[in-house]
Amino acid sequence: SLFDYTDDEGNFNNIVDLVESHLKSNPDDSLKLELTKIKIDFYLRNFDYSKAEKLIPSLLESPSNYFKNVGYVRKAIFLLNTGNTKFSFEYFLRAYNYSKVKNDKKEMAIILNGLGNLYSMDSNIDKAISYYLNAYNHLPDKNYIHEKNIILNNLTSAYNSIGKIEVSKYYLDLHRKLMNTIPKNEIIK
């Protein structure tokens, strides 16, 4: 997606403008919702929560169950990142139930990682680790480098925080090996 290829807001806005220009002459609700999802992901990743918050309702109100579920996940991540863990948990559970029925491995991994973050914030590191491991195991062996890196970083930090340094180093090494598989000309954060 566009989200994986730029961290620069100027470049991102130029790409978004091109897609929006295309949408004016070729209306496509699915493409419009996909662009909204990409914009939300970009803003969440860059800590611009006010812009993300304004876009999330368009996904939650979508007639498409897929995009509605993506909206649940993004709302949960937004709430988690802004400190509202109680409601974040509720949105993660809504999203997880849908993703499980649809067997959407990527979304399930994102949700499980988010639940791990919730438990980590509550200092329940053992439960957080369980969710992180489950999230990592939901992803196929190939692809999903961005998601895997996030989960591996969380595992590294979690094990380090409870003094399991060797296990922490193991996950750090996995992260480094994964980073070495990325071609030099790709920008993936």
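Structural data are supplied above this passage.
Residues numbered from 1 in each chain as written. Predicted model: local features only at pLDDT ≥ 70, side-chain atom pairs only at ≥ 80, totals over all residues. Heavy atoms only, no water.

Draft legend 1. View of the overall build of the protein. Looking only at helices and strands, the protein has nine helices and zero strands in total. From first element to last, N terminus to C terminus, the protein shows the α and β order α-α-α-α-α-α-α-α-α. Expressed as a percentage of its 189 residues, the buried residues of the protein come to 40%. Taking as baseline every contact in the protein between residues at least 6 positions apart, the subset at least 24 positions apart corresponds to 50%. Carbon and sulfur atoms make up 50% of the accessible area of the protein, which amounts to about 10600 Å² in all. (Helix = DSSP H or I, 4+ residues; strand = E, 2+ residues; numbered from the N terminus. Buried < 20%, exposed > 50% of the residue type's maximum accessible area, 1.4 Å probe, protein only. Contact = heavy atoms within 4.5 Å. Areas by Shrake-Rupley, 256 points an atom, 1.4 Å probe, with all protein chains shown as cover.)

Draft legend 2. Here's a closer look at unusual backbone geometry. Even without a glycine there, the phi angle at Phe-47 is positive, about 60°. Looking at the secondary structure, you find Phe-47 in the loop between α2 (29–45) and α3 (49–60). When its relative accessible area of 62% is taken as the criterion, Phe-47 is described as exposed. Not every positive phi belongs to a glycine, and Asn-103 is a case in point at roughly 55°. Relative to the elements of secondary structure, Asn-103 occurs in the loop between α5 (85–102) and α6 (105–121). Assessed through its relative accessible area of 46%, Asn-103 is described here as partly exposed.

Draft legend 3. Representation of the packing of helix α4 (residues 65–81) against α6. The interhelical angle for the contact between α4 and α6, taken along N-to-C directions, is 20°, at an axis separation of 11 Å. Taken together, the axes of α4 and α6 are roughly parallel relative to one another. α4 and α6 meet at a crossing whose hand is left-handed. Along the contact surface, α4 presents Val-73, Arg-74, Ile-77 and Leu-80, while α6 presents Glu-107, Ile-110, Ile-111, Gly-114, Asn-117, Leu-118 and Met-121. Here the residues of the contact of α4 with α6 sort into seven nonpolar, two polar and two charged. (Axes fitted to C-alpha atoms, helices over the stretch in contact; angles between N-to-C directions. Parallel < 35°, antiparallel > 145°, perpendicular 65-115°, else oblique. Left-handed = near helix turned anticlockwise from the far one by under 90°. Nonpolar A, V, L, I, M, F, W, Y, C, P; charged D, E, K, R; others polar.)

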